[in-house]
Amino acid sequence: DTAVSQTPKYLVTQMGNDKSIKCEQNLGHDTMYWYKQDSKKFLKIMFSYNNKELIINETVPNRFSPKSPDKAHLNLHINSLELGDSAVYFCASSQGTSTEQFFGPGTRLTVL
Amino acid sequence: GQQLNQSPQSMFIQEGEDVSMNCTSSSIFNTWLWYKQDPGEGPVLLIALYKAGELTSNGRLTAQFGITRKDSFLNISASIPSDVGIYFCAGPHSGGGADGLTFGKGTHLIIQP
């Protein structure tokens, strides 16, 4: 009965590879987000999706692309991975324009 | 862009002590949120504040929305070991909630036995 789930929990890969992280929420929310948390624990918004429409893309390289097959899912695809992409990526969701967001458990990405 | 300055960066306290941390903004916020992050987990919402001057409690936690709308405070009374973690303040990124949240850099709370 997990509210926001992400897979995988850990992802270790080589530079230059392409990878995806999946996110699902069962809260019935219509807005989903991706955040990046760096090694200093700083959390920064990357994308938000509302009703399958991208609302914001916050200076993120175009190697990152969110894909939302339906309202309950927002996956993150990353092409040509770089060392600097190593971080913890969090998915979150909210209802409409509510600022109360619920976060997933995170995916720790390590690029070697 | 918007910045949230959170202090202190870390706190080392004894079990049973009260804790205070605060967050200031370079611009006015209409909403203040406080989250807690445990190791290996995602942030969990503790308290949401929507009105200047508002004081809201959640168990041993109390948060206040500053009257200037540029600051907020979080207090924890009688700390216990499970209070250990990182506490983040947050507010709407560009004024609207659907744009995501801007986070402070966090206050690391460490409780010494």
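Here is a short report on the structure shown in this document. (Residues numbered from 1 in each chain as written. Chains lettered and ligands numbered in written order. Predicted model: local features only at pLDDT ≥ 70, side-chain atom pairs only at ≥ 80, totals over all residues. Heavy atoms only, no water.)

### As for the interface of chain A and chain B
Piece 1. Of the residues lining the interface, 23 residues belong to chain A; the matching set on chain B comes to 24 residues.
Piece 2. Taken over both partners, the interface formed by chain A and chain B buries close to 1800 Å², and the fraction arising from carbon and sulfur atoms is 60%.
Piece 3. Where chain A meets chain B, there are zero salt bridges.
Piece 4. The interface formed by chain A and chain B holds five residue pairs in polar contact (both at pLDDT 80 or more) in total.
Piece 5. Among the secondary structure elements, those contributing two or more residues to the side of chain A that touches chain B are strand 4 (31-37), strand 5 (43-50) and strand 6 (53-57) of chain A.
Piece 6. Tallying contributions element by element places strand 4 of chain A first for the side of chain A that touches chain B, with four residues.
Piece 7. Taken together, the residues of the side of chain A that touches chain B sort by class into 10 nonpolar, nine polar and four charged. (Contact = heavy atoms within 4.5 Å. Buried area = accessible area lost by both parts, 1.4 Å probe. Salt bridge = Lys/Arg side-chain N within 4 Å of Asp/Glu carboxyl O. Polar contact = N/O pair within 3.5 Å; in protein donor to acceptor, adjacent residues only side chain to side chain. Helix = DSSP H or I, 4+ residues; strand = E, 2+ residues; numbered from the N terminus. Nonpolar A, V, L, I, M, F, W, Y, C, P; charged D, E, K, R; others polar.)

### Description of the nonpolar core
Piece 1. Ranked by size, the top nonpolar core spans 21 residues in total, and within it Trp32, Trp34 and Leu74 of chain B carry the most contacts.
Piece 2. Taken together, the elements giving at least two residues each to this core come down to strand 2 (10-14), strand 3 (19-25), strand 4 (32-37), strand 5 (44-49), strand 7 (61-65), strand 8 (71-76), strand 9 (85-92) and strand 11 (107-112) of chain B.
Piece 3. Judged by nonpolar contacts, the second largest core, of 20 residues, contains Met32, Trp34, Phe64 and Val111 of chain A. (Core = buried A, V, L, I, M, F, W, Y, C linked by side-chain atoms within 4.5 Å. Buried < 20%, exposed > 50% of the residue type's maximum accessible area, 1.4 Å probe, protein only.)

### As for the packing of aromatic side chains
Two aromatic rings, taken as a pair, are described by how far apart their centres are and by the angle between their planes.
Piece 1. Per the counting criterion, the structure on display carries 10 aromatic pairs over all chains.
Piece 2. Considering the side-chain rings of Phe90 of chain A and Phe103 of chain A, the 6.5 Å spacing of their centres and the 75 degrees angle between planes classify their relative orientation as edge-to-face. With a gap of 13 residues between them, Phe90 of chain A in strand 9 (residues 87-94) and Phe103 of chain A in strand 10 (residues 102-103) connect regions that are remote in the sequence.
Piece 3. Judged by centre distance (5.9 Å) and plane angle (90 degrees), the ring pair of Phe88 of chain B and Phe103 of chain B falls under edge-to-face. Taken together, the positions of Phe88 of chain B in strand 9 and Phe103 of chain B in strand 10 (residues 101-103) put the pair 15 residues apart, joining distant regions of the chain. (Phe/Tyr/Trp six-rings, centres within 6.5 Å; stacked < 30°, edge-to-face > 60°.)

### Notes on the side chain of Thr31 of chain B
Piece 1. On the secondary structure map, Thr31 of chain B appears in the loop between strand 3 and strand 4.
Piece 2. The contact partners of Thr31 of chain B, leaving out residues within four places of it in the chain, are Thr99 of chain A together with Leu49, Tyr50, Phe65, Ala90, Gly91 and Pro92 of chain B.

### Quick look at the state of the cysteines
Piece 1. Scanning the entire structure with this criterion turns up two disulfides over all chains.
Piece 2. Here Cys23 of chain A connects covalently by a disulfide to Cys91 of chain A, the sulfurs 1.8 Å from one another. For the disulfide bridge between Cys23 of chain A and Cys91 of chain A, the dihedral angle about the S-S bond is near -75 degrees, and by the sign convention the bridge is left-handed. Of the two residues, Cys23 of chain A sits in strand 3 (residues 19-25) while Cys91 of chain A sits in strand 9, which places them 68 residues apart along the sequence. For the pair Cys23 of chain A and Cys91 of chain A, a shared accessibility class is recorded, and that class is buried.
Piece 3. Disulfide pairing is shown between Cys23 of chain B and Cys89 of chain B; the S-S distance is 1.8 Å. Of this pair, Cys23 of chain B sits in strand 3 while Cys89 of chain B is found in strand 9, placing the two residues 66 residues apart along the sequence. In terms of burial, Cys23 of chain B and Cys89 of chain B fall into one category: buried. (Disulfide = S-S within 2.5 Å.)

### Notes on empty space enclosed by the protein
Residue and element names in this part refer to chain A.
Piece 1. As enumerated under the stated definition, the model contains one cavity of 30 Å³ or more in all.
Piece 2. Its volume calculated, the largest cavity comes out at about 50 Å³.
Piece 3. Among the elements of the structure, strand 4, strand 5 and strand 7 (64-70) are those that each provide at least two residues to the lining of the largest cavity.
Piece 4. Taken together, the residues that form the lining of the largest cavity break down as two nonpolar, five polar and four charged. (1 Å grid on protein atoms, 1.4 Å probe; cavity = no way out; pocket = protein on both sides within 12 Å on 5 of 7 lines; lining within 4 Å. Points joined across faces, edges and corners; volume = space filled by probe spheres on them.)

### Describing the pairing of strand 6 (residues 55-58) of chain B
Piece 1. Here strand 6 of chain B runs beside strand 7 of chain B; their pairing, made up of four bridges, is antiparallel. Counterpart to Leu55 of chain B in the pairing with strand 7 of chain B is Gln64 of chain B. (Pairing = 2+ DSSP bridges.)

### Considering the side chain of Ser65 of chain A
Residue and element names in this part refer to chain A.
Piece 1. Tracing the backbone through its elements, the reader meets Ser65 in strand 7.
Piece 2. In this structure the side chain of Ser65 is engaged in a polar contact, spanning 3.4 Å, whose partner is the side chain of Lys67.
Piece 3. Residue contacts for Ser65: discarding those within four places in its chain leaves Asn75, Leu76 and His77.

### Regarding the environment of Phe73 of chain B
Residues and elements named next belong to chain B.
Piece 1. Tracing the sequence through the fold places Phe73 in strand 8.
Piece 2. In this structure, the C-alpha to C-alpha distance between Phe73 and Ile28, residues 45 residues apart in sequence, is 15 Å.
Piece 3. Not counting residues up to four positions away in its chain, the partners in contact with Phe73 are Met21, Asn22, Trp34, Thr62, Ala63 and Gln64.

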